[in-house]
Amino acid sequence: MYIFVTTLLLLIILLLQTTIFATVNIGGIIPNLIIILISSIGFSRGRKMGLIFGFLAGLILDIFYGPLIGLYAIAFMYIGFLNGYVKRVLFTGDFALPIGIILLSDFVYCNFIYVCLYLLQGDFNYLFYFTHKIIPELISTGIAAILLYPMFNLIFTKLEKVYADE
Amino acid sequence: MSPIVKKKKVHYSLPTRYWLFILTLVCVLFMILSFTTDILSGPLNLIGNYTLIPFQKGLNNVSTGILNVTDNFRNMESVIAENEELKAEVDRLTIDNARLQQDQYELTHLRELMELDSEYDDLDTVGARVISRDAGNWYSSFVIDKGSNDGISVDCNVIAGSGLVGRVTDVGPDFAKVVSIISDTSNTSGMILSTGDTLIVSGSLKLMDSNLISFGQLVDKDNKVGPGDKIVTSNISDKYLEGIFIGYVNTIATDSNNLTKSGTLIPAADFKHLEEVLVIKKTKKKASFE
């Protein structure tokens with residue numbers, strides 16, 4: 001049940017991000033919804049689920065858009081895994097810390113992509129990417145996280161109850 | 001007879017760190033495989049083709065719908081003003097057109113005389129719709145709704161309007177992945193139409209927002225090239241067909257080595273509003289074999 005609903009949610013978010021948000025966006029900057037979902041999974045269900053769903057999401061992205069199969073997969077997988085550690089210290093009802101951690105994950109993710117796609121090609125202009133890509137992405141992801149994280153949190157706690165009853 | 005001991009069913013699950021280790025290895029293997037060969041893209045594309053592509057096609061209609069509604073509100077006033085302008089332009093263009101038709105007639109006549117068959121006059125193209133774009137802000141690729149079932153293969157050139165957009169890098173039965181020439185990882189061999197000097201058009205994330213593409217390695221000793229010159233794909237490219245229009249020279253400056261020049265160009269295709277593209281079925285490799 002949990003796996004089914006989460007997979008469905010993942011597909012919906014992926015489709016939203018690549019179709020509607022890719023076309024209808026503000027200033028050409030797309031919020032990173034996938035990272036919000038993967039982090040939420042990590043927060044609610046721990047390292048293993050974060051890892052598996054991160055891998056799944058990254059792999060789908062790789063097939064359609066990635067320059068290299070496995071690049072996004074490895075990034076999202078480690079984000080899901082590391083955010084799984086947060087499960088232990090997180091209290092329910094606290095929104096500031098998870099959203100902060102989502103932003104931190106997005107920052108790490110952006111830097112990872114910069115290193116893999118640009119730095120290794122010999123592009124050392126980090127400051128440009130920082131001001132033009134990373135900061136706008138962080139802001140838009142932050143706003144999206146404020147709206148979406150409580151919703152994901154609600155879904156996952158509901159699922160947790162169903163899971164416990166079974 | 002030995003007594004049957006009922007064993008307790010052990011619920012075995014792999015520890016998380018093993019999962020991490022195995023999946024990391026899988027990722028690294030995938031990266032190496034996709035970097036060196038294209039074994040992976042076949043089966044993975046097949047899976048993608050029947051799971052996500054149908055939904056993307058549907059949702060894309062929704063998003064263009066939303067875009068149209070917002071655009072309608074925004075554009076109402078400007079459309080009226082534009083209409084007036086366009087009417088004046090139509091008159092001007094009709095006159096131009098008549099003159100160009102005359103030129104065209106002359107051109108074909110001269111070509112016949114020289115027995116010069118232009119190789120790419122009758123390009124076999126297929127129209128396709130852009131159904132989804134790259135999920136992040138880092139890389140410029142998109143997916144179109146036609147694939148190998150419609151005769152598209154890897155390395156097919158993609159054009160929109162009059163200009164080059166990019167090329168197909170991956171193809172599934174009903175979709176194809178296109179990497180655009182504005183993408184940071186793409187380099188295209190081009191040439192200045194008027195002088196025939198070759199140059200390298202390389203996409204850059206920095207210029208993507210201002211709708212420009214950078215170019216470099218242009219050897220132009222006589223300083224003949226200036227802003228406004230047309231750039232087309234060159235004959236030495238092994239991926240792009242010769243003579244596809246890329247754009248106009250915007251700025252040009254001599255490099256610090258005093259030998260080559262570099263600058264920016266304005267692409268002919270509108271990369272911000274790609275909705276429908278044309279895919280040329282003929283690839284350069286096939287063309288050279290025929």
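## Some remarks on the overall build of chain B
Summing up its helical and strand segments, chain B has five helices and twelve strands in all. Within the span of chain B, comprising 290 residues, buried residues form 39% of the whole. In chain B, 57% of the contacts between residues at least 6 apart in sequence involve partners at least 24 apart. In the form shown here, chain B has an accessible surface area of approximately 17400 Å², with 57% of it arising from carbon and sulfur atoms.

## Structural notes on the interface of chain A and chain B
At the interface, 51 residues of chain A touch 47 residues of chain B. Summed over both sides, the interface between chain A and chain B buries roughly 4600 Å², with carbon and sulfur atoms accounting for 71% of that surface. The three residues of chain A that bury the most area against chain B are Phe64(A), Tyr65(A) and Ile69(A), which together make up 17% of that side's buried surface. Taken together, chain A and chain B are joined by zero salt bridges. Contributions of two or more residues to the side of chain A that touches chain B are made by α1 (2–23), α3 (47–64), α4 (71–86), α5 (96–118) and α6 (126–165) of chain A. Among the elements that make up the side of chain A that touches chain B, the one with the highest residue count is α3(A) (eleven residues). Residues that form the side of chain A that touches chain B fall into these classes: 36 nonpolar, nine polar and six charged.

## Details of α4(A)
Helical geometry note: an α-helix holds 3.6 residues per turn, so side chains three or four residues apart project in the same direction. Over its 16 residues, α4(A) extends 24 Å from the first C-alpha to the last, a length consistent with the 22 Å expected when each residue adds 1.5 Å. For α4(A), a buried count of 13 out of 16 residues is recorded, marking the element as mostly surrounded by other parts of the structure.

## Some details on the sheet that holds strand β6 (residues 187–192) of chain B
Strand-to-strand pairing in sheets goes through backbone hydrogen bonds, with the strands running parallel or antiparallel. Residue and element names in this part refer to chain B. Around the barrel, which closes on itself, the six strands sit in the order β6-β7-β8-β11-β10-β9 with antiparallel pairing between neighbours. Along the sheet, successive strands turn relative to each other by an average axial angle of 40 degrees, direction set aside. Here three bridges tie β6 to strand β9 (residues 230–233), and the two strands are oriented antiparallel to one another. Bridge pairing links Ile 192 to Ile 231 in β9.

## Thoughts on the pairing of strand β4 (residues 163–171) of chain B
Residues and elements named next belong to chain B. Both strand β3 (residues 157–160) and β4 contribute to a ladder of four bridges, which runs antiparallel. Along β4, the bridge assignment pairs Asn 157 with Arg 167. As paired strands, β4 and strand β5 (residues 176–180) are joined by five bridges and run antiparallel to one another. Within β5, the residue paired with Val 168 across the bridge is Val 178. What sits between β4 and β5 in their antiparallel hairpin is a turn of four residues.

## Quick word on the nonpolar core
Core analysis: the largest hydrophobic core is formed by 109 residues, its most contacted members being Ile36(A), Tyr109(A), Ile144(B) and Ile231(B). Of all the elements, α6(A) adds the most residues to this core, at eleven residues. Once you skip the residues sitting within four places of it in the chain, Ile36(A) turns out to touch Ile102(A), Thr141(A), Ala144(A), Ala145(A), Leu148(A) and Phe152(A).

## Some points on unusual backbone geometry
Residue and element names in this part refer to chain B. Unusually for a residue other than glycine, Asn 223 sits at a positive phi of about 55 degrees. By the element assignment, Asn 223 lies in the loop between β8 (213–218) and β9. Note on Asn 223: relative accessible area 54%, which makes it exposed. The phi angle at Asn 258 is positive, at roughly 65 degrees, despite the residue not being glycine. Residue placement: Asn 258 occurs in the loop between β10 (245–254) and β11 (261–267). For Asn 258, a relative accessible area of 63% translates into the label exposed.

## Observations regarding the confidence of the model for chain B
This prediction gives chain B a mean pLDDT of 81; 89% of its residues lie at or above 70. Taken together, the stretch residues 116–120 of chain B has pLDDT below 50 and engages in seven contacts with residues farther than four places along the chain or on a different chain.

## Digging into the pattern of salt bridges
Residue and element names in this part refer to chain B. Under the counting rule described, the total for this entry stands at four salt bridges over all chains. Between Glu 276 and Arg 129 there is a salt bridge, and its shortest N-O distance comes to 3.2 Å. On the criterion of sequence distance, the pair formed by Glu 276 in strand β12 (residues 276–280) and Arg 129 in strand β1 (residues 125–133) is long-range, its members being 147 residues apart. In this structure, Lys 239 engages Asp 155 in a salt bridge whose closest nitrogen and oxygen atoms are separated by 3.3 Å. Of the two residues, Lys 239 sits in the loop between β9 and β10 while Asp 155 sits in the loop between β2 (141–144) and β3, which places them 84 residues apart along the sequence. Residue classification places Lys 239 among the partly exposed positions, given a relative accessible area of 25%. Salt bridges sharing common partners tie together Asp 155, Arg 167 and Lys 239.

## Brief notes about the packing of helix α2 (residues 33–45) of chain A against α5(A)
All names here are of chain A. Here α2 crosses α5 at 125 degrees, and the two axes come no closer than 10 Å. It follows from the interaxial angle that α2 and α5 lie oblique. With respect to the hand of their crossing, α2 and α5 are arranged in right-handed fashion. Taken together, the residues of α5 that come into contact with α2 (itself represented by Ile 35, Ile 36, Ser 39 and Phe 43) are Pro 98, Ile 101, Ile 102, Ser 105, Asp 106 and Tyr 109. A per-class count over the contact of α2 with α5 returns seven nonpolar, two polar and one charged.

## Some points on the sheet that holds β4(B)
Residues and elements named next belong to chain B. On the basis of which strands lie adjacent, the closed barrel formed by six strands has the order β1-β2-β5-β4-β3-β12 and antiparallel pairing. Within the sheet, the average angular offset between the axes of one strand and its neighbour, ignoring direction, is 45 degrees. Direction of pairing for β3 relative to β12: antiparallel, over a ladder of three bridges. Bridged to Asn 157 within β12 is Ile 280.

How each quantity is defined
Residues numbered from 1 in each chain as written. Chains lettered and ligands numbered in written order. Predicted model: local features only at pLDDT ≥ 70, side-chain atom pairs only at ≥ 80, totals over all residues. Heavy atoms only, no water. Helix = DSSP H or I, 4+ residues; strand = E, 2+ residues; numbered from the N terminus. Buried < 20%, exposed > 50% of the residue type's maximum accessible area, 1.4 Å probe, protein only. Contact = heavy atoms within 4.5 Å. Areas by Shrake-Rupley, 256 points an atom, 1.4 Å probe, with all protein chains shown as cover. Buried area = accessible area lost by both parts, 1.4 Å probe. Salt bridge = Lys/Arg side-chain N within 4 Å of Asp/Glu carboxyl O. Nonpolar A, V, L, I, M, F, W, Y, C, P; charged D, E, K, R; others polar. Expected span 1.5 Å × (residues − 1). Pairing = 2+ DSSP bridges. Axes fitted to C-alpha atoms, helices over the stretch in contact; angles between N-to-C directions. Core = buried A, V, L, I, M, F, W, Y, C linked by side-chain atoms within 4.5 Å. pLDDT = per-residue confidence, 0-100. Parallel < 35°, antiparallel > 145°, perpendicular 65-115°, else oblique. Left-handed = near helix turned anticlockwise from the far one by under 90°.

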